[in-house]
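If you want the building blocks of each chain, they are given just below.
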Amino acid sequence: MAEELELNSTQVEHEYGGSEIQVLEGLEAVRKRPGMYIGSTSESGLHHLVYEIVDNSIDEALAGYCTDITVTINPGNTITVTDNGRGIPVDIQPQTGRPALEVVFTVLHAGGKFGGGGYKVSGGLHGVGASVVNALSEWLEVQVHKNGEIYEMKFSRGKITQEMKVVGRTDHTGTTVTFKPDPEMFDTLEYSYDTLHTRMREEAFLNAGLRIQTVDLRPGQEQEDDMCYEGGIREFVSFINKNKTPVHEDVIYMAGAKEDSMAEVAMQYNDGYSEIIVSFANNVHTPEGGMHEEGFKRALTTVLNAYGKKIGLLKNDDKVSGDDCREGHRGPVRGPDQGQAGQQRDPHPGEQCGLREAGDLPGGEPRRGPGHSGEGHDGQPGPGGRPPRPGEHPPEKRPGGGHPPGQAGRLL
C-alpha cells in the first residue's frame, strides 16, 4: 500500500483582494516572461530576435515589394537588418493617435497582418515581433526610408529615447533596424554566424528570387554570403540531396492556389532509406507537421498505390505503405496559414528535420518516419528505416541492391 502523502501548506496572512491583481502595461509582460514570446533566453532565443525582424522583411517580399535583405552581425554582437521594402508606415495610426512606426515597436499585436489589407500572406500572423525585440534589447534604433525622407526613432528596453524625427533625405525606400540584446535578459550574447546563415539560406530557398546577404563584421570572424535561388524550393531539394544519388534527375515540382491560399511541393527520391520532409505554413517552419504535411503524405501514398495497380505492379489487395512511399524521399512542403500550434520557429528546422544530416550539414541525424529505428536486424538500414521483412534481404545483401520487388522503387 502506498504511503499517504501529507501536503503542507502555508496560509497567506493578508487578504487576497483586487489590489493583489497586477496589470503589466506596455511591454512589461515581455520582459517579465520573455520565454512566452521567444521560447527561451538561451542561444536559441537570442537568435530568435533576428528571425522576428527578418520575418517582417520577408513579409514585404511576399507582398512583392522587397528584393534584398541584409543581416549583419556588427562588432559587439549587435545586429542590423536592412531591406528595400516599402518601409514601415510613419503616418499617424488612427486608434492610438501616435506614429505607426512607434506603435509597431511599442505595442503588442500591432501590425498589418490581421486581415486589414496590409498583407495577404505573412509569417506567424501574431504581430508581436518588432515590439518583442524592442522590449528585450538594451537599445534599438530604426530608420525608415520613405516619402523621400529618412525617419529615425530610438528606444531602450522598450521605452522611447528619441521620438520619431526626420534625419535626412533619401532616393529609395526600406527599413533598417539595429539592436543590441539586453544582457539582463539573455544567458549569452554571442551570435553564431553559422546559425544565422543556415536560417537565412532556408528563407532564400523558400522565396524564389529574393536576395539575402549575411555579413559578419566582428574582428577576426569577417565573412559574408550572398544567397539568391531563382529555382526556389526546387533548388532547396537539390541542396538537400547534394551528397546523395538521385534516382531521377529532375526535381518533381507542383504548385496550386485557391483565392488567397497557395500550396507548393518539391520532391526528389534518392537511393537512401531515410526521408526528409520539411513543412512550412506562411514561410514559418512547422516541426510538428499539420494538415498541409499530412495531406501531402496521404496524397502521395494514394497516388502511388493507384498507379501501381494501374500498371499491374500491385495485384489484388497489395498495397505500398506510406513509409515505403517516402523511402528516400526529400523535399519541402509549403502551405497556407492554418492557425496551428505547430507553427513554431524553434527548434531550428535544419536541426529538427535532418538538414544537418551528416554529409549535408555538420552534426545532427536525419529525420525518419514514425516508428523508424533506422536500422535493420543486422544493424543496417532497412527500407524506410524499419527492420527487413521476413524473407527480405538486408540492403547490402539484396540481389541487385535497391528496393525489394514490389516496393516503391519499382513504381518510379
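Residues numbered from 1 in each chain as written. Predicted model: local features only at pLDDT ≥ 70, side-chain atom pairs only at ≥ 80, totals over all residues. Heavy atoms only, no water.

Novice: Break down the packing of helix α6 (residues 193–206) against helix α7 (residues 233–240) for me, citing the residues and quoting the values.
Specialist: Between two packed helices, what matters for the description is the angle formed by their axes and the separation of those axes. Here α6 crosses α7 at 135°, and the two axes come no closer than 7 Å. Overall, the two elements α6 and α7 adopt an arrangement that is oblique. Between α6 and α7, the contacting residues are Arg201, Glu202, Phe205 and Leu206 on the first element and Ile233, Glu235, Phe236 and Phe239 on the second. Of the residues assigned to the contact of α6 with α7, the class counts are five nonpolar, no polar and three charged. (Axes fitted to C-alpha atoms, helices over the stretch in contact; angles between N-to-C directions. Helix = DSSP H or I, 4+ residues; strand = E, 2+ residues; numbered from the N terminus. Parallel < 35°, antiparallel > 145°, perpendicular 65-115°, else oblique. Contact = heavy atoms within 4.5 Å. Nonpolar A, V, L, I, M, F, W, Y, C, P; charged D, E, K, R; others polar.)

Novice: Go over the packing of aromatic side chains, please, and point to the residues and values.
Specialist: Across all of its chains, the model carries four aromatic pairs by this definition. When the centroid spacing of 4.0 Å and the interplanar angle of 20° are considered together, the rings of Phe205 and Tyr229 count as stacked. In this pair, Phe205 sits in helix α6 while Tyr229 sits in the loop between β10 (223–227) and α7, placing the two residues 24 residues apart along the sequence. Accessibility assignment for this pair places Phe205 and Tyr229 in one class, buried. Look at Phe205 and Phe239: their rings are 5.6 Å apart centre to centre, the planes differ by 40°, and that puts the pair in the tilted class. One end of the pair, Phe205, is in helix α6; the other, Phe239, is in helix α7, and 34 residues separate them in sequence. Each member of the pair Phe205 and Phe239 is classed as buried. Members of the aromatic cluster, connected to one another through ring pairs, are Phe205, Tyr229, Phe236 and Phe239. (Phe/Tyr/Trp six-rings, centres within 6.5 Å; stacked < 30°, edge-to-face > 60°. Buried < 20%, exposed > 50% of the residue type's maximum accessible area, 1.4 Å probe, protein only.)

Novice: Now, about helix α3 (residues 43–62): what can you tell me, with residues and values included?
Specialist: The end-to-end C-alpha distance of α3, which contains 20 residues, comes to 28 Å, matching closely the 28 Å that a straight helix rising 1.5 Å per residue would cover. For α3, a buried count of 16 out of 20 residues is recorded, marking the element as mostly surrounded by other parts of the structure. Where α3 terminates, the next one or two residues include Gly64, which has phi positive at roughly 90°. (Expected span 1.5 Å × (residues − 1).)

Novice: Tell me about the environment of Thr82, and please be specific about residues and values.
Specialist: For Thr82, the location among the structural elements is in strand β2 (residues 78–83). Along the sequence, Thr82 and Ile212 sit 130 residues apart, while their C-alpha atoms lie 10.0 Å from each other. Apart from the residues lying within four places of it in its own chain, the contact partners of Thr82 are Asp68, Ile69, Thr70, Thr175 and Thr176.

Novice: Talk me through the sheet that holds strand β6 (residues 149–156); I want residue IDs and the actual numbers.
Specialist: One open sheet accounts for eight strands, arranged β7-β6-β5-β8-β2-β1-β9-β10; its pairing is mixed. A strand with exactly one partner marks an edge of an open sheet, and here the two such strands are β7 (159–169) and β10. Neighbour-to-neighbour, the strand axes of the sheet open up by a mean angle of 10°, direction not taken into account. Two strands pair when backbone bridges link them, and strand β9 (residues 211–216) and β10 are joined in this way by five bridges, in the antiparallel orientation. Pairing of Asp216 across the sheet is with Gln223, part of β10. Set on the sheet, α3 makes contact with β1 (68–74), β2, β8 (174–181) and β9; between it and β8 the angle comes to about 170°. Sitting on the sheet, α6 touches β1, β2, β9 and β10, and the angle it makes with β9 is about 175°. (Pairing = 2+ DSSP bridges.)

Novice: Describe the packing of α3 against α6, listing the residues and the values that go with them.
Specialist: At a closest axis distance of 11 Å, the pairing of α3 and α6 adopts a crossing angle of 30°. Considering the angle they form, α3 stands roughly parallel to α6. In this structure, α3 crosses over α6, and the sense of that crossing is right-handed. Residue-level inspection shows Glu43, His47, Val50, Tyr51, Val54, Asp55 and Ile58 of α3 in contact with α6, the latter providing Thr195, Leu196, Arg199, Met200 and Glu203. Taken together, the residues of the contact of α3 with α6 break down into six nonpolar, two polar and four charged. (Left-handed = near helix turned anticlockwise from the far one by under 90°.)

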